[in-house]
Amino acid sequence: MTVAALRSKDLVGIEPLTPDEITLLLDTAESMRSIGQRPIKKVPALRGRMVVNLFFEASTRTRFSFETAEKWLSADSLNFSAKGSSVEKGESLLDTARNLQAMSPDLIVIRHSSPGVPHFLARHLKAGVVNAGDGAHEHPTQALLDALTIRQRLGRLEGLNVSMVGDIAHSRVVRSNIWLLKTMGAKVTVCAPPTLLPPRIEEMGVAATTDFDAALESADVVMMLRMQLERQGKSLFPSVREYFRHYGLDAKRLARAKKDAIVMHPGPMNRGVEIASDVADSGRSVILEQVANGVAVRMAVLYLLLGGHPWEGEA
Ligand code: CP
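Residues numbered from 1 in each chain as written. Predicted model: local features only at pLDDT ≥ 70, side-chain atom pairs only at ≥ 80, totals over all residues. Heavy atoms only, no water.

(A) Inspection of the pairing of strand E1 (residues 50–55) at higher detail. Where burial is concerned, most of E1 is hidden: six out of the six residues are buried. Taking every second residue as pointing to the same face, both faces of E1 are buried, with Met50, Val52 and Leu54 on one and Val51, Asn53 and Phe55 on the other. Strand direction decides the pairing type here: E1 and strand E2 (residues 76–81), joined by six bridges, are parallel. Opposite Met50, over in E2, you have Asp76 as the bridge partner. In this fold, the crossover linking E1 to E2 by way of helix H2 (residues 61–72) has right-handed handedness. Pairing analysis gives five bridges linking E1 to strand E3 (residues 107–112), with the strands arranged parallel. When the sheet's bridge partners are listed, Phe55 is paired in E3 with Arg111. (Buried < 20%, exposed > 50% of the residue type's maximum accessible area, 1.4 Å probe, protein only. Helix = DSSP H or I, 4+ residues; strand = E, 2+ residues; numbered from the N terminus. Pairing = 2+ DSSP bridges. Right-handed = clockwise from strand over helix to strand, strands pointing away.)

(B) Structural context of the environment of Asp134. The residue Asp134 is located in strand E4 (residues 128–134) in this model. For Asp134, a relative accessible area of 0% puts it in the buried group. Considered as a pair, Asp134 and His119 are 15 residues apart in the sequence and their alpha carbons are 9.5 Å apart. For Asp134, the residues in contact, after removing those within four places along its chain, are His112, Ser114, Pro115, Gly116, Val117, Pro118, His119 and Arg172. Engagement of the side chain of Asp134 in a polar contact is seen with the side chain of Asn131, the distance being 2.8 Å. (Contact = heavy atoms within 4.5 Å. Polar contact = N/O pair within 3.5 Å; in protein donor to acceptor, adjacent residues only side chain to side chain.)

(C) Spotlight on the packing of aromatic side chains. Following the criterion strictly, the structure yields three aromatic pairs and no others. Between the aromatic rings of Phe56 and Phe80, the centroid separation amounts to 5.6 Å while the plane-to-plane angle is 45°, which identifies the pairing as tilted. A residue pair is termed long-range when its members are at least 10 positions apart, and Phe56 in the loop between E1 and H2 and Phe80 in strand E2 qualify at 24 residues. Here Phe80 falls in the buried class, since its relative accessible area comes to 12%. Among the aromatic residues, those joined into a ring-pair cluster are Phe212, Tyr243 and Tyr247. (Phe/Tyr/Trp six-rings, centres within 6.5 Å; stacked < 30°, edge-to-face > 60°.)

(D) Seen up close, the site of the ligand. Inspection of the region around the ligand gives Ser59, Thr60, Arg61, Thr62, Arg111, His139, Gln142, Pro266 and Gly267 as its neighbouring residues. Separating an oxygen atom of the ligand from a side-chain N or O atom of Thr62 is a distance of 2.7 Å. Measuring from a nitrogen atom of the ligand, one finds a backbone N or O atom of Gly267 at 3.3 Å. With the chains in place, 92% of the 260 Å² that the ligand exposes on its own is no longer accessible. Of the residues belonging to the shell around the ligand, the class tally is one nonpolar, six polar and two charged. (Near = heavy atom within 4 Å. Areas by Shrake-Rupley, 256 points an atom, 1.4 Å probe, with all protein chains shown as cover. Nonpolar A, V, L, I, M, F, W, Y, C, P; charged D, E, K, R; others polar.)

Quick look at the structure:
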């Protein structure tokens, strides 16, 4: 299979990807992991290629793992933050992107608070565009790293029960994971209080419930989600204490799940809101494995969009 299997210069979402494309990305990421275990973490695969990391929203994991992936693949990185740039003088997004395009980057990685911005740039720019999170819409590389982590721990995606619990309404991670997990044959349940459960979400092919214990009992994977207060215009639950009592995951509550169920969280965690430290730091948690896999997945994305042939482990 060649890079043409991705059928695009861009990765703007999971929704358009086929099972073969998802498998190619995951298999490539799997083989990229060994680079991070070498004494010298660098291969010349993307030497001479330039990637612009364009972040209009805060990020720790996504931004630093893209930068790490670029460095390990020997690409040149330019890092752009809206703060301190001419955006502060009123320059538009498209003008900003066109000016960066004039410096001939091969790929632009963008995070933005408005849904659809990566798609807009992909239509206007010659460079490839990778969506690093657009509002509450999609976060494709997060879903890929989640899938890689599940596959490593449980051996497969097909037939698994995955329960996603928390602020479903504002989560781009949920949307990308639903597309990916459904495409790969997993069964997805979303669970939240009624105010955080979008109406008609079942139309995406998932089960929806407000009963946390029911969502826990059947799950092979429990994915806890951050309460995204910054995207909530008004208070959607009575108090943090009340929220944690009904929808927070602690060790006592986790005892109701299957013994080998794994616990995930995309980060950043709100400890004591959606997850307790006795779970987050336990052997059931794969949260830091998710972060490590983030580098491998982003290497795979960069490589397949820019490299042009399947990775076979060459130096
Ligand atoms: N999971 C995730 O997107 O984390 P950051 O916001 O830190 O990038």
